[in-house]
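Tertiary structure, described
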Amino acid sequence: MHLNYLALAVPFFLTFIGLEYLVARKNGKTYFKFNDSITNLSIGIAERLLDTFTVGLFYFVYDYLYRHFAVFDIKASVLLWVALLICTDFIWYWYHRLAHEVTVFWCAHVVHHQSEEFNYTVSARITVFQAFIRTGFWAILPVIGFPPAMITSMLLVHGLYPFFIHTRTIGKLGILEYILVTPSHHRVHHASNPQYLDKNYGDVFIIWDKLFGTFVKEEEEPVYGLTKPLESNSFLWQHFHFILEMLYSARQAKGWRNKLRVVFGKPDNVDPGARAILEKKFLLRNHVTEAPKLFNYVLWQIVATLVLLFSFLLLEHYVPVFIQVCVTLLILLTLINCGAIMEQKKWVFYLEYARYLVLCLAGYYVWPHPAFLCAAAIIMITAFYFQSHLREHYLRLVYGYYRS
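Residues numbered from 1 in each chain as written. Predicted model: local features only at pLDDT ≥ 70, side-chain atom pairs only at ≥ 80, totals over all residues. Heavy atoms only, no water.

Remarks on the side chain of Asn 233
- Within the secondary structure, Asn 233 is located in the loop between helix 9 (207-211) and helix 10 (235-252).
- By relative accessible area, Asn 233 is classed as buried at 16%.
- Asn 233 has contacts with Asn 35, Thr 39, Gln 238, Gly 339, Met 342 and Glu 343, leaving out every residue within four places of it along the chain. (Helix = DSSP H or I, 4+ residues; strand = E, 2+ residues; numbered from the N terminus. Buried < 20%, exposed > 50% of the residue type's maximum accessible area, 1.4 Å probe, protein only. Contact = heavy atoms within 4.5 Å.)

Given below as structure tokens:
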């Protein structure tokens, strides 16, 4: 069978997340919070899912640049693999630094810093927007002359290391602190303490930060998250809030020079009052009350989504394109649903119609029989007829209460 063994990354990472949770609990540490961990995993699921459709595009870009613009004809050897690792890490440093210093890049990278906890689930907070931006930076590698196969292999290895530095369970690592980016260094990077802001950009080697003056040692206990906490579990809001803030600020700015300064200057140029205005317009916060049933329903959905994601990735070569689209829509709708449930939105009930429609489309593709359409239509008509009662029952089931 032609299986995609990269799907094994899903259980691999989940295993280490579970081990970290057990170690933290044994030591009496509360490094995990339910809402925070779920939102982290949700963002990671979306990124891994969408990577299925973008990896081929990125490889095409590298291959095109290599065939048409390569300066050197590099052949794989031990020394050149080491050279590629150093070049990749150097480019990463500058991509990462500019992602903090340029507003339009920060729009994509801010998602990675929204979590107010610091554990292995935070490493999952990568968006497909970041993948596109990083590819733009790494495009220099095939121009230098590194073959696309070497580049993609190195990016897989280079992307694995950062997972292990997103933890509070590992202290300082002695002499390695002078060479590698360690958990201690990366805790500083994710902190919102004034002395830690915009420091320690390195991914594998810490030498770049020391060379370019952005290194700070961990001393004071870090406080994690944004300087202005997002305070939202919404899957969509976490992805798009800063894009909206940037666009709002650019629209309010006078003159094209000031508008361009907002987009391509420092994130500080974004109007600090923009978020509050946009939250009133788009977020519509509810007063969140304790609802234990909510956690069980969200957890069940995330577990089911992870199983579906793993199966989809493992068997992707055997899944028809239409079913791939249906699975993608179903997973994204579920992630939006989980975020909205944790915010206790009542409109989540209507997302169930959307998920049902996607399931019906996938089912009809697999079994294109009139009987299937009739049964699906009868269920939908019945649901519309009894909608008010179903909505009340649904909200009681999910939240444990119902308010009209």
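Moving on, there is more to tell.
Let's talk about the packing of helix 14 (residues 321-342) against helix 17 (residues 387-399)
- Direction vectors running N to C along helix 14 and helix 17 enclose 75 degrees, while the axes themselves pass 11 Å from each other. As judged from the angle between their axes, helix 14 and helix 17 are roughly perpendicular. Between helix 14, through Asn 337, Ala 340 and Ile 341, and helix 17, the contact on the second element is made entirely by Tyr 394, Val 398 and Tyr 399.
- For the contact of helix 14 with helix 17, the per-class residue count stands at five nonpolar, one polar and no charged. (Axes fitted to C-alpha atoms, helices over the stretch in contact; angles between N-to-C directions. Parallel < 35°, antiparallel > 145°, perpendicular 65-115°, else oblique. Nonpolar A, V, L, I, M, F, W, Y, C, P; charged D, E, K, R; others polar.)

Comments concerning the nonpolar core
- The biggest cluster of nonpolar side chains holds 41 residues, and the ones touching the most others in it are Val 298, Ile 341 and Tyr 394.
- Listed by contribution, the elements that provide at least two residues to this core are helix 2 (34-69), helix 13 (292-314), helix 14, helix 15 (348-366), helix 16 (370-385) and helix 17.
- Here this core takes twelve residues from helix 14, the largest share from any one element.
- Sequence-distant contacts of Val 298, that is, excluding residues within four places in its chain, are made with Phe 34, Ile 38, Cys 338, Ile 341 and Met 342.
- Among the nonpolar cores identified, the runner-up in size contains 18 residues, and Phe 58, Tyr 62, Ala 131 and Phe 146 belong to it. (Core = buried A, V, L, I, M, F, W, Y, C linked by side-chain atoms within 4.5 Å.)

Concerning the state of the cysteines
- Within this structure, the stated rule accounts for zero disulfides.
- Residue Cys 374 stays outside any disulfide, its sulfur separated by 12 Å from that of Cys 360, the closest cysteine. (Disulfide = S-S within 2.5 Å.)

What to know about the layout of surface pockets
- There is about 1,600 Å³ of room inside the largest pocket.
- Glu 47, Arg 48, Asp 51, Leu 156 and Gly 159 are, among the 50 residues lining the largest pocket, the residues nearest its centre.
- Going through the elements one at a time, helix 1 (9-26), helix 2, helix 3 (78-101), helix 5 (128-138), helix 7 (148-160) and helix 13 are the ones with two or more residues in the lining of the largest pocket.
- Top element by residues in the lining of the largest pocket is helix 2. It accounts for eleven residues.
- Looking at side-chain class alone, the lining of the largest pocket contains 28 nonpolar, 16 polar and six charged residues.
- Each pocket or cavity is described by its volume, and for the second largest pocket that value is around 700 Å³.
- Taken together, 28 residues make up the lining of the second largest pocket; nearest its centre are Trp 106, Asp 198, Thr 227, Pro 267 and Asp 268.
- Listed by contribution, the elements that provide at least two residues to the lining of the second largest pocket are helix 3 and helix 10. (1 Å grid on protein atoms, 1.4 Å probe; cavity = no way out; pocket = protein on both sides within 12 Å on 5 of 7 lines; lining within 4 Å. Points joined across faces, edges and corners; volume = space filled by probe spheres on them.)

Regarding the environment of Lys 228
- Here Lys 228 shows up in the loop between helix 9 and helix 10.
- Take Lys 228: its relative accessible area is 37%, and that puts it in the partly exposed class.
- It is 12 Å that separates the C-alpha atoms of Lys 228 and Pro 194, two residues lying 34 residues apart in sequence.
- The contact partners of Lys 228, leaving out residues within four places of it in the chain, are Pro 272, Arg 275 and Ala 276.

Describing the pattern of salt bridges
- For the structure on display, the rule yields ten salt bridges.
- Across the salt bridge formed by Lys 75 and Asp 73, the nearest N and O atoms sit 3.5 Å from each other.
- You can call Lys 75 exposed: its relative accessible area is 55%.
- Taking the relative accessible area as the measure of exposure, Asp 73 reaches 54% and is therefore exposed. (Salt bridge = Lys/Arg side-chain N within 4 Å of Asp/Glu carboxyl O.)

Things to note about helix 1
- Under the 1.5 Å per step criterion, the end-to-end length of helix 1 is 26 Å for 18 residues, consistent within 8% with the ideal 26 Å.
- Those residues of helix 1 that fall on the buried side of the exposure criterion are Val 10, Ile 17, Glu 20 and Ala 24. Relative to the axis of helix 1, the buried residues are bounded by an arc of 100 degrees and lie together on one face. Of the exposed residues in helix 1, the ones pointing more than 90 degrees away from its buried face are Leu 22 and Lys 26.
- Directly beyond the C-terminal end of helix 1, a positive phi value near 70 degrees is found at Gly 28. (Expected span 1.5 Å × (residues − 1). Arc of directions from axis to C-beta.)

Here's the deal with the confidence of the model for the protein chain
- Summing up the model confidence of the protein chain, the mean pLDDT is 91 and the portion of residues at 70 or higher is 97%.
- When pLDDT is averaged over each element of the protein chain, helix 8 (residues 183-189) comes out on top at 97 and helix 17 at the bottom at 84. (pLDDT = per-residue confidence, 0-100.)

What about helix 15?
- Taking 1.5 Å per residue, 19 residues should reach 27 Å; helix 15 reaches 28 Å between its end C-alpha atoms and fits that length.
- Those residues of helix 15 not exposed but buried are Val 348, Phe 349, Leu 351, Tyr 353, Arg 355, Val 358, Cys 360, Ala 362 and Gly 363.

Notes on the environment of Val 122
- Residue position: Val 122 is located in the loop between helix 4 (103-109) and helix 5.
- Assessed through its relative accessible area of 1%, Val 122 is described here as buried.
- For the pair formed by Val 122 and Ser 37, sequence separation is 85 residues and the distance between their alpha carbons is 7.7 Å.

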